[in-house]
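Descriptive analysis of the structure
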Amino acid sequence: MAEAFVTFVIAENPPKRLDKALSLNVPVEATLSRTRLAKLLVEGAVKVDGIVVRDPKAKVAGGEAVEIAVPQAEESHIGPEDIPLDVIWEDDDLIVINKPTGMVVHPAPGTPNGTLVNALLHHCGDSLSGVGGMKRPGIVHRIDKETSGLLVVAKSDAAHQGLADQFAAHAVERYYRAVCYGVPDANDPRLRGVRGVNFEPGNIMKITTHLARHKTDRQRQAVLFEGGRHAVTRVRIVEPFGAPAVAALVECWLETGRTHQIRVHLTHAGHGLIGDPVYGGRRKLAEKAIGAAGLEAAKTFSRQALHAAVLGFVHPVTGEDLRFEAEMPEDMTTLITALSAGAG
């Protein structure tokens with residue numbers, strides 16, 4: 001297999017461990033993440049002053065010459081597919097996509113093709129420098145198949161590590177727009193009795209629970225208060241619909257990013273998403289409140305009314321602050337228009 005060689009000199013007063021010194025001193029243009037460096041080190045691809053060193057804890061001194069043999073990235077076993085993409089922004093290290101509804105992010109049993117990854121492999125081609133030694137896009141977060149909106153994907157190893165660190169530190173800005181049943185208002189006495197739900201200034205509903213896979217339905221997530229993974233969602237009313245109000249456009253933002261988090265949390269609070277076939281249910285809305293057109297629009301909406309509208313993060317290679325917004329898709333704007341019209 002063809003190799004490229006990365007050479008550099010350890011700066012003065014380096015960290016005591018070799019692995020940390022490599023991470024600190026490796027040239028940025030090499031786009032080698034900490035994870036990738038650690039793997040190469042163990043595999044014997046690192047020479048210090050001409051001697052192969054495999055021990056991450058080996059001592060290192062300033063002025064020592066390092067050579068790293070980096071194998072050419074292997075082709076992915078996933079096939080590229082010519083699927084149109086709505087590209088919001090792209091450079092050598094990452095790409096931001098506005099994902100349509102109905103598209104799965106990553107191949108899995110039952111959906112081996114037609115995914116975002118298949119489309120990215122075709123779109124990016126040779127611009128993928130390799131993630132973890134494989135020529136593939138680096139998926140650091142996902143949105144559900146029927147949820148539309150913004151996703152950032154890494155094209156290089158260094159970008160993948162940097163984005164993963166930001167997501168792990170909950171430093172990524174993510175705002176969603178959703179249409180839910182009812183209105184999550186602090187004045188609703190029912191919400192005061194829902195465990196894990198409280199309100200912050202500005203009528204912002206905060207939902208704090210743990211989430212884990214449902215015991216009997218493996219396709220669902222369940223709310224827990226012991227075990228599982230910590231999850232926090234905040235919700236703000238954007239526009240109530242109906243007279244009296246029976247539904248609302250809300251803005252949701254995530255402190256954590258768990259599977260189905262917004263959908264599960266809003267259902268737990270009694271405000272499931274319109275159209276959600278798994279959590280939202282099909283509630284009966286009063287025609288007198290929203291009119292025949294609004295009732296029909298809610299009744300026939302074919303997916304969860306959820307859109308990843310805003311995505312902000314620090315570019316993992318350049319350090320630039322980036323923030324993107326994606327307009328809501330046509331099906332959601334049509335739903336909102338119908339609900340806004342009311343009983344007329």
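Please refer to the structure placed before this passage.
Residues numbered from 1 in each chain as written. Predicted model: local features only at pLDDT ≥ 70, side-chain atom pairs only at ≥ 80, totals over all residues. Heavy atoms only, no water.

Our focus in this paragraph is the overall build of the chain. Of the regular secondary structure elements, the chain holds seven helices and 18 strands. When the backbone C-alpha atoms are referred to their principal axes, the chain occupies close to 80 × 45 × 40 Å. Of all 344 residues assigned to the chain, the portion counted as buried reaches 47%. Restricting the contact set of the chain to residue pairs at least 6 apart, pairs at least 24 apart contribute 65%. Taken as a whole, the chain presents about 16600 Å² of accessible surface, with 51% of it coming from carbon and sulfur. Treating the 38 positive side-chain charges of the chain as one cloud and the 41 negative ones as another, the clouds have centres 10 Å apart. (Helix = DSSP H or I, 4+ residues; strand = E, 2+ residues; numbered from the N terminus. Buried < 20%, exposed > 50% of the residue type's maximum accessible area, 1.4 Å probe, protein only. Contact = heavy atoms within 4.5 Å. Areas by Shrake-Rupley, 256 points an atom, 1.4 Å probe, with all protein chains shown as cover. Lys, Arg positive; Asp, Glu negative; His and termini not counted. Charge placed at Lys NZ, Arg CZ, Asp CG, Glu CD.)

Okay, the nonpolar core next. Membership of the largest hydrophobic core comes to 35 residues, with the highest contact counts inside it found for Tyr-176 and Met-205. With five residues, helix H3 (residues 116-124) is the single largest residue contributor to this core. Sequence-distant contacts of Tyr-176, that is, excluding residues within four places in its chain, are made with Ile-143, Val-250, Glu-251, Cys-252, Leu-254, Ile-262, Leu-306, His-307, Ala-308 and Ala-309. Counting 22 residues, the second-largest nonpolar core is a separate cluster that includes Val-6, Phe-8, Leu-18 and Ala-45. (Core = buried A, V, L, I, M, F, W, Y, C linked by side-chain atoms within 4.5 Å.)

Let us now look at helix H6 (residues 287-300). Compared with an ideal rise of 1.5 Å per residue, which puts 14 residues at 20 Å, H6 spans 14 Å between its outermost C-alpha atoms and falls more than 12% short. Its maximal kink placed at Ala-293, H6 deviates by approximately 75°. When H6 is considered as a whole, its buried residues turn out to be Ala-289, Ile-290, Gly-291, Gly-294, Ala-297 and Ala-298. Packed against the buried residues of H6 are strand S15 (229-241) and helix H7 (330-341). (Expected span 1.5 Å × (residues − 1). Bend = angle between axes of the 7 residues up to and from the residue.)

This model, assessed by the stated rule, comprises 14 salt bridges. Among the ionic pairs, Glu-43 bridges to Lys-39, the shortest N-O distance being 3.0 Å. Given the relative accessible area of 42%, Lys-39 is considered partly exposed. For Glu-200, the salt bridge identified is with Arg-234, shortest N-O distance 2.9 Å. With a gap of 34 residues between them, Glu-200 in strand S12 (residues 197-200) and Arg-234 in strand S15 connect regions that are remote in the sequence. (Salt bridge = Lys/Arg side-chain N within 4 Å of Asp/Glu carboxyl O.)

Relative to the assigned elements, Thr-318 resides in the loop between strand S17 (306-314) and strand S18 (321-325). Taking C-alpha positions, Thr-318 is 9.5 Å from Asp-93, a pair spaced 225 residues apart along the chain. Within the structure, the side chain of Thr-318 is placed 3.3 Å from the backbone nitrogen of Glu-320, a separation counted as a polar contact. (Polar contact = N/O pair within 3.5 Å; in protein donor to acceptor, adjacent residues only side chain to side chain.)

The omega angle of the peptide bond from Ala-243 to Pro-244 is 0°, so this bond is cis rather than trans. Within the secondary structure, Pro-244 is located in the loop between S15 and strand S16 (247-254). A positive phi angle, close to 55°, is found at Asn-13, a residue other than glycine. With respect to the helices and strands, Asn-13 occurs in the loop between strand S1 (3-9) and helix H1 (18-25). Given a relative accessible area of 76%, Asn-13 falls into the exposed group. Non-glycine residue His-170 carries a positive phi angle of around 55°. Structurally, His-170 is set in the loop between helix H4 (157-168) and strand S11 (173-181). Classification of His-170 as partly exposed rests on a relative accessible area of 42%.

The next subject is the packing of H1 against helix H2 (residues 34-42). Here H1 crosses H2 at 130°, and the two axes come no closer than 10 Å. As summarised for this structure, H1 and H2 are arranged oblique, according to the angle between their axes. Considering how the two elements wind past one another, H1 and H2 form a crossing that is right-handed. Together, Leu-18, Asp-19, Leu-22 and Ser-23 of H1 and Arg-34, Leu-37 and Leu-41 of H2 make up the contact between the two elements. Residue composition of the contact of H1 with H2, by class: four nonpolar, one polar and two charged. (Axes fitted to C-alpha atoms, helices over the stretch in contact; angles between N-to-C directions. Parallel < 35°, antiparallel > 145°, perpendicular 65-115°, else oblique. Left-handed = near helix turned anticlockwise from the far one by under 90°. Nonpolar A, V, L, I, M, F, W, Y, C, P; charged D, E, K, R; others polar.)

Another aspect to go through is the side chain of His-307. Topologically, His-307 is positioned in strand S17. Within polar-contact distance, the side chain of His-307 engages the side chain of Ser-148 at 2.7 Å. In this structure, His-307 is in contact with Asn-98, Thr-147, Ser-148, Gly-149, Tyr-175, Tyr-176, Arg-177, Ala-326, Glu-327, Met-328, Pro-329 and Met-332, ignoring residues within four places of it in sequence.

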